[in-house]
Amino acid sequence: MEKAINIWNEVKKELSNKLSATAYLVWINSIEAITIKDGELVLCAPSKNSRDTVVKNYMEDIKFCLNILGYSFTSILVITEDEKQFFVTEEEDDTLALLKEAKKEKPVNPFVSKYTFDNFVVGDSNRLAFASAKAVAENPGLNDNLLSLNPLYIYGGVGLGKTHLLHSIGNYLAENNPSVKVIYVPTETLTNEYFASLSKYSSDKDAYRNFREKYTSCDVLMIDDVQFLQRKGGLQDIIFHIFNALYMNGKQIVLSSDRSPREINDIEDRLRTRFEGGLMTDIDTPNIETRIAIIIKKLEKEKVTLSDDIIYFLAEKINTNIRELEGSLLKVIMYSQLINKVPTLEIAKEALKVDTIENGSNIDSNKIIEAVCQYFRISQNEIVGKKRTKEIAEARMIAIYLIRELLDLPLVTIGQIFGGRDHSTIIYSHEKISQSLNNTKVGIQIKDIRSMLKI
Ligand code: ADP
Ligand code: MG
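Residues numbered from 1 in each chain as written. Chains lettered and ligands numbered in written order. Predicted model: local features only at pLDDT ≥ 70, side-chain atom pairs only at ≥ 80, totals over all residues. Heavy atoms only, no water.

What follows is about the packing of helix α12 (residues 288-302) against helix α14 (residues 322-338). Where α12 contacts α14, the axes come no closer than 11 Å and their chain directions differ by 50 degrees. The angle between the axes of α12 and α14 places the two elements in the oblique class. α14 is crossed by α12, and the crossing has right-handed handedness. Side by side, α12 and α14 meet where R291, I294, I295, K298, L299 and E302 of the first sit next to I322, L325, E326, L329 and I333 of the second. Per-class residue counts for the contact of α12 with α14 are seven nonpolar, no polar and four charged. (Axes fitted to C-alpha atoms, helices over the stretch in contact; angles between N-to-C directions. Helix = DSSP H or I, 4+ residues; strand = E, 2+ residues; numbered from the N terminus. Parallel < 35°, antiparallel > 145°, perpendicular 65-115°, else oblique. Left-handed = near helix turned anticlockwise from the far one by under 90°. Contact = heavy atoms within 4.5 Å. Nonpolar A, V, L, I, M, F, W, Y, C, P; charged D, E, K, R; others polar.)

This is the structure:
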């Protein structure tokens, strides 16, 4: 069983990169690995509906990822919970050779594979940013006298696609021009690496040299979120140096930020001038047509259909941030999937309401889970996860009980919080704890946790 679980975890990691968040959370995350038998990988889906969808829509993706990771199975079998008993007791295949061809060198592509130009919906709000990112990907470092795209500086509010465009450049080059050495780095990581290399300086002079070398020897350097640059400890000096070294050698620099260089208070003027020296392009909030187009594109990718009135409702309601738009779409799909109904406008509205329900105080399910975990000294992953050791199962039931008592949440939502558990499990847990309240131990535990939460 363990081998199957480990392999499946690797596959899940790949899939989370490849599929949309919705597809991953709704369909893949709840699939469990059971065993490997006669060269066959056995997976288990929580319901028949989920099994059918995975087999129909995601099998190719699963096979693709297994292949990338170097695993080969004769076939992949997806069973449902009620068939599980026939498999769990089986011994797992022992011969690793059967499972694994010599593990292929995994192509090193650090970019999120779904962030591509193809998956980017172009509208008035982002047309120039898209076109310039594409031009940079096609001709990195190009600098003719008419137009300089170096550096390319993309700016705009959160969730509007800046990181998506940077990764698209990386993916495009990895695919079409793999000899080009591309580095993508969030400003925060760059900062941490720099200070880490400095702190080692007395014992390891190479650390600092390696840091400099790494960032000056690439062909394309993309730094995400430069608004986080701080004016401290020579950080901006080194960036200035890296910048010049690359620029002089005709290497491409791409920067993103939530604001224009002029509006970043904390940068030195000489760096600001450099940032402004190429093409600056902003991304604005998308208009309703673009928002609709984005929803339709995501639905296609997830192989889900929604009626026009729901699409319009979502596009109209969430009008500033594409990440939020995706999140709401995810909620609607998950919610209708959990209650096992074709989504209607009513259901969509309810889905978006569910996690905003409050009970007057500012207690929410996260706070309850946090308190219970702290009390029982277990991790949040454990409490929402699958483990059934006595201690974790008890803590889980108490958390479910408290959430049900204190918050006005639908059963399915509580089930969803606890890793997609069925609503009957939630009812069972609640009843079980209610009945044992007089049993002093549980009663005291609940009192303690309530007092931690001040309720
Ligand atoms: P930012 O870096 O600007 O905060 P991201 O690039 O992380 O935003 O985008 C947030 C989410 O919205 C990502 O999942 C991204 O794929 C999606 N997204 C943003 N713009 C578009 C677009 N034009 N078309 C399709 N998806 C988009
Ligand atoms: Mg970003």
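Moving on, there is more to tell.
The next subject is the site of ligand 1. Around ligand 1, the structure places 18 residues, and the nearest of them are G159, T163, H164, R323 and E326. Between an oxygen atom of ligand 1 and a main-chain N or O atom of G159, the distance comes to 2.7 Å. Between an oxygen atom of ligand 1 and a main-chain N or O atom of L160, the distance comes to 3.2 Å. Notes on ligand 1: free accessible area 560 Å², of which the protein chains cover 94%. Counting only elements with at least two residues in the shell around ligand 1, the list comes to α7 (162-176), α12 and α14. Three or more residues apiece are contributed to the shell around ligand 1 by two domains, here domain 2 (127-283) and domain 3 (288-355). (Near = heavy atom within 4 Å. Polar contact = N/O pair within 3.5 Å; in protein donor to acceptor, adjacent residues only side chain to side chain. Areas by Shrake-Rupley, 256 points an atom, 1.4 Å probe, with all protein chains shown as cover. Domains from an automatic or database assignment.)

Next up on the list: the side chain of T53. Structurally, T53 can be placed in helix α3 (residues 48-69). At 2.8 Å, the side chain of T53 and the backbone oxygen of N49 are in polar contact. Residues within four places of T53 in sequence aside, it is in contact with W27 and Y58.

This part is about a nonpolar patch on the surface. Taken together, the side chains of M1, I5 and V88 define a hydrophobic patch exposed on the protein surface, amounting to about 210 Å² of accessible area. Examined against the element boundaries, I5 turns out to sit in helix α1 (residues 2-18). Overall, I5 belongs to the partly exposed group, its relative accessible area being 33%. (Patch = residues over 30% accessible without salt bridge, like charges linked within 9 Å, V, L, I, M, F, W, Y side chains within 5 Å. Salt bridge = Lys/Arg side-chain N within 4 Å of Asp/Glu carboxyl O. Buried < 20%, exposed > 50% of the residue type's maximum accessible area, 1.4 Å probe, protein only.)

Right, let's talk about the sheet that holds strand β3 (residues 75-80) for a bit. Across the sheet, three strands lie side by side as β1-β2-β3; this open sheet has mixed pairing. The sheet is open, and its two edges are formed by β1 (32-37) and β3, each paired on a single side. In this sheet, adjacent strand axes meet at a mean angle of 25 degrees when their direction is disregarded. Of the strands in this sheet, β1 and β2 (40-45) touch α1, which is tilted by about 125 degrees from β1. Strands in contact with α3 are β2 and β3; relative to β3, the strand with the most contacts, it is inclined by about 155 degrees. (Pairing = 2+ DSSP bridges.)

The full count for this structure, using the stated rule, is eleven aromatic pairs. With 5.7 Å between their ring centres and 10 degrees between their planes, F120 and F130 make a pair best called stacked. Of this pair, F120 sits in the loop between α5 (96-99) and α6 (127-138) while F130 sits in helix α6, placing them ten residues apart in sequence. We classify F130 as buried; its relative accessible area is 16%. Each ring, one from Y194 and one from F195, has its centre 5.0 Å from the other, and the planes form 65 degrees; the classification is edge-to-face. Classification of Y194 as buried rests on a relative accessible area of 5%. For F195, a relative accessible area of 24% gives the class partly exposed. These aromatic residues form a ring-pair network of at least three members: Y194, F195, Y208, F211 and Y215. (Phe/Tyr/Trp six-rings, centres within 6.5 Å; stacked < 30°, edge-to-face > 60°.)

The subject of this paragraph is the domain arrangement of the protein chain. Domain annotation for the protein chain reports domain 1 (2-93), domain 2 (127-283), domain 3 (288-355) and domain 4 (365-452). Centre-to-centre, using C-alpha coordinates, domain 3 lies 30 Å away from domain 4. The interface of domain 3 with domain 4 comprises five residues on the first partner and five residues on the second. Interface area for domain 3 against domain 4, summed over the two sides, is near 480 Å², with a carbon-plus-sulfur share of 74%. Linking domain 3 with domain 4 are zero salt bridges, by the criterion used here. Inspection of the domain 3/domain 4 interface yields zero residue pairs in polar contact (both at pLDDT 80 or more). (Buried area = accessible area lost by both parts, 1.4 Å probe.)

Tallied over the entire structure, the rule returns 21 salt bridges. The partner of R209 in a salt bridge is D206, and the shortest N-O contact between them spans 2.9 Å. Placement of the pair is R209 and D206 together in helix α9 (residues 205-216), with a separation of three residues, close to one helical turn. Given a relative accessible area of 52%, R209 falls into the exposed group. Among the salt bridges present, the one from R231 reaches D266, with a minimum N-O distance of 4.0 Å. Of the two residues, R231 is situated in the loop between β6 (220-224) and α10 (235-248) and D266 in the loop between β7 (252-257) and α11 (269-275); the sequence distance between them amounts to 35 residues. A relative accessible area of 48% means that R231 is categorised as partly exposed. Residue D266 is classed as partly exposed on the basis of its relative accessible area of 35%. Through salt bridges with shared partners, one network takes in K48, R51, D52 and E83.

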